[in-house]
Amino acid sequence: MEFRYYMPVKTFFGRNCIEKNSREFMLLGEKALIVTGKISAEKNGSLADVKKTLESVKIPYAHYNRIKPNPSVEDVREASLFARESGADFIIGIGGGSPLDAAKAIAILAVNDIDDDDLYSGIYKNRPLPIAAIPTTAGTGSEVTPYSILTYSRISNKKSIGCDSIFPAAAFLDPVYTATLSSETTINTAVDALSHAIEGYLSARSTDVIMPYALESIRLIGECIPELKEIKVSDGAREKLLYASMLAGIVIAHTGTTAVHAMGYPLTYHRNIDHGRANGLLLYHYLKFLEPSIEKVNHIINAIGMKSVDEFGKEIDKLLGDKEMLSESELELFTKTAMTAKNISNTVPLPEEKDIRKIFEKSFKR
Ligand code: NAP
Ligand code: FE
């Protein structure tokens, strides 16, 4: 047996976990920059809870609320200027994966004058500012990963920064914040988490320590699938989904993602298809591609509580609804783009360009 296990995020889970652990913020610094998207952090109560808690421990803060979904390198550069001007010495990201990933890049850029290549290098002269992460979607697991995925116009794609120094120092997971999610975002983010757990389990970098986390995450999400089809998702299911997405985050922190994410990025960049949805649309034919040679596909189907990969495909279809149409030139471009992504190399067996094209072809209407 051989593995590396590293999970340095002090993680708090449960109702009111921010307020109950207010002193943790005092360990991070003396002035906070809160990073959020436009509206949701106000709507779901997380921003008010953070502000109240910081006030209770007398930590001053500034707030930057201009992070858009799929943040770009330009977006985080602008936010990092705000961070510098604010004098913050730690960052609190609140939101879905977009504000959390932005918070990590801002933590780097607030203390390093570097160009884009160096931003993506993962090696920084000055240690990034400490980060607290508060997820309000149950999907990306970014609160426990060392990744910041940014839209990068220079390569016309999304690209991941990955380095241990951007692991959040602390994560606070309160399922109540996810109660305001629309049915569509609940589904898309749950499917993203499922994709992380499945890809991580199958990754070339999967390890003995991490595989039980992946199967447990898959099992929990499987239990929630019937509810995901309903308009209203219960509090119990929301708690399970947030826990499952955190487990899946711990998984990909060790294994990386694989072909599905590599293929999903151009769908988001060029067609603005939501990140989780893009992965979900690809999952069935990815599993069909692996099924003949990879026994582990059966473990996944068992864990999710289904009988076959085909049943899995039907259930995912029901969740995601009508598929988008891809043109011939898009198929060509997306296949080429996916082949250049670094996570493709984690896929076992390693797909050739023709395999990736076939998965795209079968997953979308033409
Ligand atoms: P998101 O882009 O962060 O947010 C999507 C939408 O959901 C936004 O409009 C947001 O509104 C809203 N929202 C967030 N929380 C809400 C809540 N509690 N109630 C109502 N609305 C809410 O979505 P995401 O799927 O969580 O994150 C996707 C990003 O994460 C992508 O860029 C993806 O590449 C990245 N990602 C990162 C990792 C990693 O390991 N770091 C892994 C997978 C994916 P506001 O804008 O108003 O907040
Ligand atoms: Fe993802």
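Rules used throughout
- Residues numbered from 1 in each chain as written.
- Chains lettered and ligands numbered in written order.
- Predicted model: local features only at pLDDT ≥ 70, side-chain atom pairs only at ≥ 80, totals over all residues.
- Heavy atoms only, no water.
- Patch = residues over 30% accessible without salt bridge, like charges linked within 9 Å, V, L, I, M, F, W, Y side chains within 5 Å.
- Areas by Shrake-Rupley, 256 points an atom, 1.4 Å probe, with all protein chains shown as cover.
- Salt bridge = Lys/Arg side-chain N within 4 Å of Asp/Glu carboxyl O.
- Helix = DSSP H or I, 4+ residues; strand = E, 2+ residues; numbered from the N terminus.
- Pairing = 2+ DSSP bridges.
- Axes fitted to C-alpha atoms, helices over the stretch in contact; angles between N-to-C directions.
- Contact = heavy atoms within 4.5 Å.
- Domains from an automatic or database assignment.
- Buried area = accessible area lost by both parts, 1.4 Å probe.
- Polar contact = N/O pair within 3.5 Å; in protein donor to acceptor, adjacent residues only side chain to side chain.
- Nonpolar A, V, L, I, M, F, W, Y, C, P; charged D, E, K, R; others polar.

Focus: a nonpolar patch on the surface
And then number 1: Taken together, the side chains of Met1, Phe3 and Tyr5 present a nonpolar region at the surface, about 380 Å² in accessible area.
And then number 2: Residue placement: methionine 1 occurs in the segment before β1 (10-13).

Quick word on the sheet that holds strand β4 (residues 90-95)
And then number 1: With parallel pairing, 6 strands are arranged side by side in an open sheet as β1-β8-β5-β4-β2-β3. The open sheet is flanked by β1 and β3 (61-64), the only strands paired with a single partner. Going from strand to strand, the sheet's axes swing by 15° on average, the running direction of each strand aside.
And then number 2: Here 2 bridges tie strand β5 (residues 131-135) to strand β8 (residues 170-173), and the two strands are oriented parallel to one another. Following the sheet pairing, alanine 133 is matched in β8 by alanine 171.
And then number 3: Packed on one face of the sheet, helix α5 (residues 73-86) meets β2 (32-35) and β3 and runs near 160° to β3.

Comments concerning the domain arrangement of the protein
And then number 1: Assigned domains within the protein: domain 1 (10-177) and domain 2 (181-363).
And then number 2: For domain 1 versus domain 2, the separation of C-alpha centres amounts to 25 Å.
And then number 3: Facing 27 residues of domain 1, the contacting portion of domain 2 comprises 26 residues.
And then number 4: Carbon and sulfur atoms make up 67% of the area that domain 1 and domain 2 hide from each other, which totals about 2,100 Å².
And then number 5: Of all residues in domain 1, the largest losses of buried area upon contact with domain 2 belong to Phe13, Ala138 and Asn157, amounting jointly to 24% of the total for that side.
And then number 6: Scanning the region where domain 1 abuts domain 2 turns up 0 salt bridges.
And then number 7: On the surface where domain 1 and domain 2 come into contact, there are 3 residue pairs in polar contact (both at pLDDT 80 or more).
And then number 8: Elements that contribute at least two residues to the side of domain 1 that touches domain 2 include exactly β1, β6 (147-152) and β7 (157-162).
And then number 9: Broken down by element, the side of domain 1 that touches domain 2 gets its largest block of residues, 4 residues, from β6.
And then number 10: Its residues assigned to classes, the side of domain 1 that touches domain 2 shows 11 nonpolar, 13 polar and 3 charged.

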